[in-house]
Amino acid sequence: MRQLITYFIKYPITGNVLMILIIIFGAMGMFSLRKTFFPESESKIILVEALYPGASPEEIEKMIVLKIEDNLDGIIGIDRVTSKSLENIGSVTIEASKGFDPQLVLQDVKNAIDRINSFPDAMEPPSVYVRENISSAISFA
């Protein structure tokens, strides 16, 4: 330790150059950091929403939601499926299993829904997408 101090006393320019390099690399590192308000994490929730104007929740359940749920059977990577039927709209929430890529499961779900050809004529095409995952950076209890 004493030799290091003696070296920098003997050669002061080396200490200044070292300090300038630390400042330059620190500034480069600071500007290359990713900054987000909310931490980014990959969502494992896939949503399927089908809009059928003028339909009751019972019609949505029978003519849309049950058909979607039946076609999702056998898809690898699905952990849980829940559905909700409301007036004019039906939604199916699919949770991908750990270790599976949600984008691959999303593609399998889209393919399964595209195979259904017995949807009502007045129904709009179902939308299938991965839900955006937003979680707070900090919480207080």
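Residues numbered from 1 in each chain as written. Predicted model: local features only at pLDDT ≥ 70, side-chain atom pairs only at ≥ 80, totals over all residues. Heavy atoms only, no water.

### What to know about the sheet that holds strand 4 (residues 127-130)
Strand order in the open sheet made by the four strands is 2-3-1-4, with antiparallel pairing throughout. This sheet does not close on itself; its edge strands, each paired only once, are strand 2 (78-86) and strand 4. Going from strand to strand, the sheet's axes swing by 15 degrees on average, the running direction of each strand aside. Here helix 3 (residues 57-72) sits on the sheet and contacts strand 1 (45-51), strand 2 and strand 3 (89-96); the angle it forms with strand 2, its principal contact strand, is near 165 degrees. Packing of helix 4 (residues 102-114) onto the sheet brings it into contact with strand 1, strand 2, strand 3 and strand 4, and relative to strand 4 it is tilted by some 170 degrees. (Pairing = 2+ DSSP bridges. Helix = DSSP H or I, 4+ residues; strand = E, 2+ residues; numbered from the N terminus. Axes fitted to C-alpha atoms, helices over the stretch in contact; angles between N-to-C directions. Contact = heavy atoms within 4.5 Å.)

### Regarding the pairing of strand 2
Bridge count between strand 2 and strand 3: eight bridges; the pairing is antiparallel. When the bridges of strand 3 are listed, Val-81 appears paired with Ile-94. The hairpin formed by strand 2 and strand 3 contains two residues between the paired strands, and Asn-88 there has a positive phi angle of roughly 75 degrees.

### Considerations on the side chain of Ser-91
Within the fold, Ser-91 resides in strand 3. Apart from the residues lying within four places of it in its own chain, the contact partners of Ser-91 are Val-48, Glu-49, Thr-82, Ser-83 and Lys-84.

### Things to note about a nonpolar patch on the surface
A cluster of nonpolar side chains, contributed by Ile-13, Val-17, Ile-20, Leu-21, Ile-24, Phe-25 and Met-28, occupies part of the molecular surface with about 700 Å² of accessible area. You can see Met-28 is positioned in helix 2 (residues 12-31). (Patch = residues over 30% accessible without salt bridge, like charges linked within 9 Å, V, L, I, M, F, W, Y side chains within 5 Å. Areas by Shrake-Rupley, 256 points an atom, 1.4 Å probe, with all protein chains shown as cover. Salt bridge = Lys/Arg side-chain N within 4 Å of Asp/Glu carboxyl O.)

### What about the confidence of the model for the protein?
Looking at the protein, pLDDT values average 88 and 91% of them are 70 or higher. Per-element confidence in the protein is highest for strand 1, whose mean pLDDT is 94, and lowest for helix 1 (residues 2-10), whose mean pLDDT is 90. (pLDDT = per-residue confidence, 0-100.)

### Comments concerning the pattern of salt bridges
Counted under the stated rule, the structure contains one salt bridge. With its nearest N and O atoms 2.7 Å apart, the salt bridge here joins Arg-80 to Glu-95. Here Arg-80, found in strand 2, pairs with Glu-95, found in strand 3; they are 15 residues apart in sequence, far enough to count as distant. In this structure Glu-95 comes out as partly exposed when scored by relative accessible area, which is 23%. (Buried < 20%, exposed > 50% of the residue type's maximum accessible area, 1.4 Å probe, protein only.)

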